[in-house]
Amino acid sequence: MTETPDQAALRAFLRPYTTKSDGRGALSFAGTLVVYGGALILGAALAEAGQWAGAVAMVGVLAFASVRLYVLQHDCGHAALFRRKGLNDVVGYALSVFSLTPYRVMQYNHNQHHAYLGNLDHRETTEVYTMTLAEWQAAPWHRRLWYRLYRNPVVMLSLGGIYAYFIAYRWPRNTRVVGVWGVIAHNLMLAGYLALIWAMLGGVGLAVWGVSAVLAGVIGVFLVYLQHNFEETYWDRKPSLDFRKATLVGSSSLDLGWLWDLGTGNIAYHDLHHYNPGIPSYNLRRCQRALPEALRAHDVIRWPEAIRSFRLKLWDEAAGRLVPFPKAETTRMVAAE
């Protein structure tokens, strides 16, 4: 099912879910910070005592809390966590230290992503780059090799997360456009935060934070990939590009379980978010559960299909779907190796 539902009916249905609650926003923000701080302190204490099973569990909790704080910062960037824009901005800046993401640049780049979603002529705004089948067929061997490595799930989920959060976000794309000093201030605050962890929890605390940050990057890249990389997603070029179709059909709706939604701030319901970014994360799951079948753009993706989606590599413009690497060429490359 890949149909664009009735626009007026969908807008009317979603409107009540855009209502912001300062109380729920504060609970999401403060509650997640408490879990984050508790997991960091307890994880360091357990690791110091040699209680490795407990320490590993706390690293997992800390990683998901970090992802959730990133999602809340993303909410603030859309002025969707609290009713007042100023409060969203203050909290967004505060969360940038825990998310490793400069707030204003993140906001600017993410708004570009929303504006150019599904546009084959503006793929520089996507979090995960996608080649077309025609581009792949015309590409020289070294570009194909780079792209194979880039789209390899092991490389993407491990090195991709480390590169994005630890390296690229220290000087993100469009930093000069948005504001150099804001990024410099963010990096200084991050350095101060890591120094504080060292002073309070020692090297073991810093190690717990570091491992959890890497794991959070893996979870983040996993989500970012699946949000727009699935078989029946949507890409097109102007003038035939349909922006509303891109927001709904080009964005996935993932149902990976209640605990996953809790740990990732419900961002898995990404089609509804792209269609109306004003829906707070704390309303997304409830909204998706209540959404009538007639207003759904496509089927919900669950774990088996989510895992299979990582085999999809290229956008086939003729077929209008994401496809794997061509089998014949894959076989020839393997034989040559």
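About the criteria used
Residues numbered from 1 in each chain as written. Predicted model: local features only at pLDDT ≥ 70, side-chain atom pairs only at ≥ 80, totals over all residues. Heavy atoms only, no water. Helix = DSSP H or I, 4+ residues; strand = E, 2+ residues; numbered from the N terminus. Rg over C-alpha atoms; globule rule 2.2 N^0.38 Å. Buried < 20%, exposed > 50% of the residue type's maximum accessible area, 1.4 Å probe, protein only. Areas by Shrake-Rupley, 256 points an atom, 1.4 Å probe, with all protein chains shown as cover. Core = buried A, V, L, I, M, F, W, Y, C linked by side-chain atoms within 4.5 Å. Contact = heavy atoms within 4.5 Å. Patch = residues over 30% accessible without salt bridge, like charges linked within 9 Å, V, L, I, M, F, W, Y side chains within 5 Å. Salt bridge = Lys/Arg side-chain N within 4 Å of Asp/Glu carboxyl O. Expected span 1.5 Å × (residues − 1). Polar contact = N/O pair within 3.5 Å; in protein donor to acceptor, adjacent residues only side chain to side chain. Pairing = 2+ DSSP bridges.

S.K.: Is there a simple way to think about the overall build of the protein chain in this case?
M.R.: From N to C terminus, the protein chain includes 16 helices and three strands. The C-alpha atoms of the protein chain give a radius of gyration of 21 Å, which matches the 20 Å a tight globule of 337 residues would have. In terms of overall dimensions, the protein chain has a C-alpha envelope of 60 × 55 × 40 Å along the principal axes. Across the 337 residues of the protein chain, 50% fall into the buried class. Put simply, the protein chain shows about 15500 Å² of open surface, and 66% of that area lies on carbon and sulfur atoms.

S.K.: Honestly, the nonpolar core in this entry has me stumped. Any pointers?
M.R.: In summary, soluble globular proteins display a tendency toward joint burial of nonpolar side chains. Within the largest apolar cluster, 30 residues are counted, with the highest numbers of intra-cluster contacts made by Tyr36, Leu40, Leu81, Val91, Tyr193 and Trp209. Taken together, the elements giving at least two residues each to this core come down to helix H2 (22-48), helix H3 (52-77), helix H4 (85-99), helix H5 (103-115), helix H8 (153-167) and helix H10 (180-228). Leu40 has contacts with Leu62, Tyr193, Ile197, Leu201, Gly205, Val208 and Trp209, leaving out every residue within four places of it along the chain. Counting residues in hydrophobic clusters, the runner-up holds 27 residues, among them Val67, Leu120, Ile267 and Ile301.

S.K.: Which parts of the structure should I look at to understand a nonpolar patch on the surface?
M.R.: Side chains of Tyr108, Val177 and Val178 sit close together on the surface and give an oily, nonpolar patch of about 240 Å² of accessible area. With respect to the element layout, Val177 can be found in helix H9 (residues 175-178).

S.K.: How do you make sense of H5 when you look at a structure like this?
M.R.: Within an α-helix, residues lying three or four positions from one another point in the same direction, as the helix has 3.6 residues per turn. Between its first and last C-alpha atoms H5 spans 18 Å; for 13 residues at 1.5 Å apiece the expected length is 18 Å, and the two agree. Looking at H5, one finds that the buried residues are Tyr103, Val105, Met106, Gln107, Asn109, His110, His113 and His114.

S.K.: Before we go on, may I ask you to explain unusual backbone geometry in this structure?
M.R.: Peptide bonds are trans in most cases, and residues, glycine excluded, mostly fall at negative phi. With an omega of 15°, the peptide bond running from Lys238 to Pro239 counts as cis. When you line up the elements, Pro239 lands in the loop between H10 and helix H11 (243-248). Even without being glycine, Leu100 reaches a positive phi, approximately 60°. Tracing the sequence through the fold places Leu100 in the loop between H4 and H5.

S.K.: Hey, could you run me through the side chain of Asn283 in this one?
M.R.: The residue Asn283 is located in helix H14 (residues 281-290) in this model. Among the polar contacts listed, one links the side chain of Asn283 to the side chain of Arg286, at a separation of 2.8 Å.

S.K.: In this structure, what is going on with the sheet that holds strand S3 (residues 321-323)? I would like to understand it.
M.R.: What the three strands build is an open sheet, ordered S1-S2-S3; its pairing is mixed. Edge positions in the sheet fall to strand S1 (131-132) and S3, since each of these pairs with one other strand and no more. Across two bridges, S1 lies against strand S2 (residues 314-316) in parallel orientation. Bridge pairing links Thr132 to Trp315 in S2.

Geometric values such as these leave the question of function open.
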